[in-house]
Amino acid sequence: MTTVAIAGGGIGGLATALSVSAQGHRVVVLERNDEFAELGAGIQLAPNGMHALDRLGLAADVGRIAVPVKELRFMDGVSGEHVVSMPLDGRYQARFRNAYVVVHRGELYRLLLRACRDSDRIDLRPSCPVAGYERTDGGVRVRLAEGSALTVDALVGADGLHSAVRAQLVGDGSPRNAGITVYRSIVPMDRVPQDLRHQSVTWWAGPGRHFVHYPIAGGRYLNLAPSVENQPAEAFSGTAVPTALIREEFAVLCDTARRLLELGAEWKAWVLVDRDPVDVWTDDCVALLGDAAHPMLHYAAQGACMALEDAVVLGALLNCPAAQFGSQLRRYNAARRERTARVHQLARDSIGLWHARDAVATARNEALAAMSAADLYDYVAWLHGAWNFAAPDATSVPEPADEGTYTLAGYLGPDGEHADPATPSGTYTLSGYLDAPT
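Reading guide: rules and limits
- Residues numbered from 1 in each chain as written.
- Predicted model: local features only at pLDDT ≥ 70, side-chain atom pairs only at ≥ 80, totals over all residues.
- Heavy atoms only, no water.
- Core = buried A, V, L, I, M, F, W, Y, C linked by side-chain atoms within 4.5 Å.
- Buried < 20%, exposed > 50% of the residue type's maximum accessible area, 1.4 Å probe, protein only.
- Helix = DSSP H or I, 4+ residues; strand = E, 2+ residues; numbered from the N terminus.
- 1 Å grid on protein atoms, 1.4 Å probe; cavity = no way out; pocket = protein on both sides within 12 Å on 5 of 7 lines; lining within 4 Å.
- Points joined across faces, edges and corners; volume = space filled by probe spheres on them.
- Nonpolar A, V, L, I, M, F, W, Y, C, P; charged D, E, K, R; others polar.
- Phe/Tyr/Trp six-rings, centres within 6.5 Å; stacked < 30°, edge-to-face > 60°.
- Lys NZ or Arg CZ within 6 Å of the ring centre and 35° of its normal.
- pLDDT = per-residue confidence, 0-100.
- Contact = heavy atoms within 4.5 Å.
- Salt bridge = Lys/Arg side-chain N within 4 Å of Asp/Glu carboxyl O.
- Pairing = 2+ DSSP bridges.
- Axes fitted to C-alpha atoms, helices over the stretch in contact; angles between N-to-C directions.

A. Inspection of the nonpolar core at higher detail. If you look at the biggest cluster of nonpolar residues, it comprises 75 residues, and the most contacted ones within it are L14, L30, L45, V62, V103, V142 and L155. In terms of residue count, helix α9 (residues 303-317) provides more of this core than any other element does, 8 residues in total. Core analysis: the next-biggest nonpolar cluster, separate from the first, contains 47 residues, A46, V84, Y299 and Y377 among them.

B. Quick peek at empty space enclosed by the protein. Taken as a whole and assessed by the stated rule, the structure comprises 2 cavities of 30 Å³ or more. Approximately 480 Å³ is the volume found for the largest cavity. Along the walls of the largest cavity sit 26 residues, with L72, M86, W203, W354 and V380 positioned nearest its centre. For the lining of the largest cavity, the secondary-structure elements that each account for two or more residues are β5 (71-76), β6 (82-87), α10 (325-354) and α12 (373-384). Counting residues per element, the lining of the largest cavity draws most heavily on α12, at 6 residues. Among the residues forming the lining of the largest cavity, the class breakdown is 20 nonpolar, 5 polar and 1 charged.

C. Region of interest: the packing of aromatic side chains. Under the definition given, this model contains 7 aromatic pairs. Geometrically, the ring pair formed by F96 and Y377 is edge-to-face, given 6.2 Å between the ring centres and 85° between the ring planes. Of this pair, F96 sits in helix α4 (residues 90-96) while Y377 sits in helix α12, and the two are 281 residues apart along the sequence. With a relative accessible area of 0%, F96 lands in the buried category. Ring geometry for W203 and W354: centres 5.1 Å apart, planes at 10°, overall stacked. Remark: W354 occurs in helix α10 and W203 occurs in strand β14 (residues 200-206); sequence separation between them is 151 residues. Across the pair, W354 and W203 agree in class, each one buried. Among the aromatic residues, those joined into a ring-pair cluster are F74, W203 and W354. Over the ring of W270 we find R184, and its NZ or CZ is 4.9 Å from the ring centre. The side chain of R342 reaches across the aromatic face of W382, ending 3.9 Å from its centre.

D. Quick peek at the confidence of the model for the protein chain. Mean pLDDT for the protein chain: 88, with 89% of residues reaching 70 or above. Within the model, the stretch residues 393-438 combines pLDDT values under 50 with 105 contacts to residues more than four positions away or in other chains.

E. Inspection of unusual backbone geometry at higher detail. The phi torsion at R97 lies on the positive side, around 60°, for a residue other than glycine. Along the chain, R97 falls in the loop between α4 and β7 (101-104). Residue R97 is classed as buried on the basis of its relative accessible area of 0%. Residue Q231 is not a glycine yet carries a positive backbone phi of 50°.

F. Structural detail: the pattern of salt bridges. For the structure on display, the rule yields 21 salt bridges. We note a salt bridge from R125 to D123, for which the minimum N-O separation is 2.8 Å. Note that D274 and R348 form a salt bridge whose closest N and O atoms lie 2.8 Å from each other. Here D274 is found in strand β18 (residues 268-274), whereas its partner R348 is found in helix α10, with 74 residues between them in sequence. Salt bridges sharing common partners tie together R176, D274, D276 and R348.

G. The arrangement of the sheet that holds strand β12 (residues 154-157) in detail. With respect to topology, 6 strands assemble into an open sheet ordered β8-β2-β1-β12-β20-β19, the strand pairing being mixed. Only two strands of the sheet have a single partner each, and these edge strands are β8 (122-125) and β19 (282-283). Running over the sheet, helix α1 (residues 11-21) touches β1 (3-7), β2 (26-30), β8 and β12 and is turned about 170° from β2. Contacts between α10 and the sheet are confined to β1, β12, β19 and β20 (286-288), with β20 contributing the most and set at about 20° to the helix.

H. Structural detail: the sheet that holds β5. Taking strand neighbours across the sheet as the criterion, the 8 strands line up as β6-β5-β14-β15-β16-β13-β18-β17 in an open arrangement whose pairing is mixed. Since the sheet does not close on itself, it has two edges, and those belong to β6 and β17 (237-240), each with one partner. The average undirected angle you get between the axes of adjacent strands in this sheet is 20°. The pairing of β5 with β6 spans 5 bridges and is classified as antiparallel. For R73, the partnering residue across the bridge sits in β6 and is S85.

I. How the structure looks around the pairing of strand β3 (residues 42-45). Because side chains alternate across β3, one face comprises the buried residues G42 and Q44, and the other comprises I43 and L45, equally buried. Relative to β7, β3 is paired through 4 bridges, and the arrangement is antiparallel. In the strand pairing of β7, I43 is matched with V103.

Here's what the structure looks like:
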């Protein structure tokens, strides 16, 4: 039996283990930490992410822990004005053939971990940090940090932002500091006043900062995530910060946004980092995946979805003997490169959308307020509407075999449509100004 090693036991690594093992290969997951666990709070899963989980056999399980979102709300964080909402109702689900949901990262991780533990083809090994690799005739020798090694037919580096596999394969140094700090807190929903509870993902946009919140863990908690351009000198992760700092950083926001922020406690902070896209993330029978391949800012809410898509595409392409692994991994790289780079750019461009000031913010609000639900659906069609995950947009995605609309409750309704993404009218688009205002 062929063996594929996966460096990293996060969401992307476990999803890849399931996808690859489904092709009949043995999989060894090498996790650097002493136990398999996932830290963090909420994850947004657009229909493309749910389609990937469906292909992994987990959509029904995720449906039991997820909170279906009714709308994506965009608010002016200074005036408190409701600018626009993208409804995620039957029209959205009919078009994109799935729901938009939010889940707790730990709960999603436990579903993936349980599925891996239930497989007799997947070997989970904690306390096994990967230090590097050596190509061999027909395989890979994986070097572990403690000095031992194992020989396998292929190695997938899913070891995250500071990937040891990427350091050897790409060698592009440290991640880029985006100059933004994000703060996170989780609040029990019974502490949230009724008038502040919404079954939506809500953004409060302000000058040089914004604040997003949504329910997670089946609606039992509210996830708070404000971020600000404060140019931290060095990157840090999960650092405890006082509530007073949050009040100070976001004092410019309106009363409703500040009321929500006041609910937070035990705040922790992360400096946002990413890397510039690269064209090549394979080396014969070695490939990168997820944040190791294309780390991006979380502003497109697609990091987990991209890793899940990667896993599905890579697993499908490894439906072959080991002798073809090198060529198939190059196909995986080529199939995923353009789409992930486009999402990466969207995430960076979103800073201008959320953090606009003065006249730019006014023009943004006017442009967004003029967009209909259909306009908004057109704009995200290339992203939310993807099915095969190898195409740069949704237009070349084949229709699924069934005739219904997939929702968390099952297959319902008519076929969805897949349209080309459309640029909103006017000079202001969701990616910024096409023509600078005079």
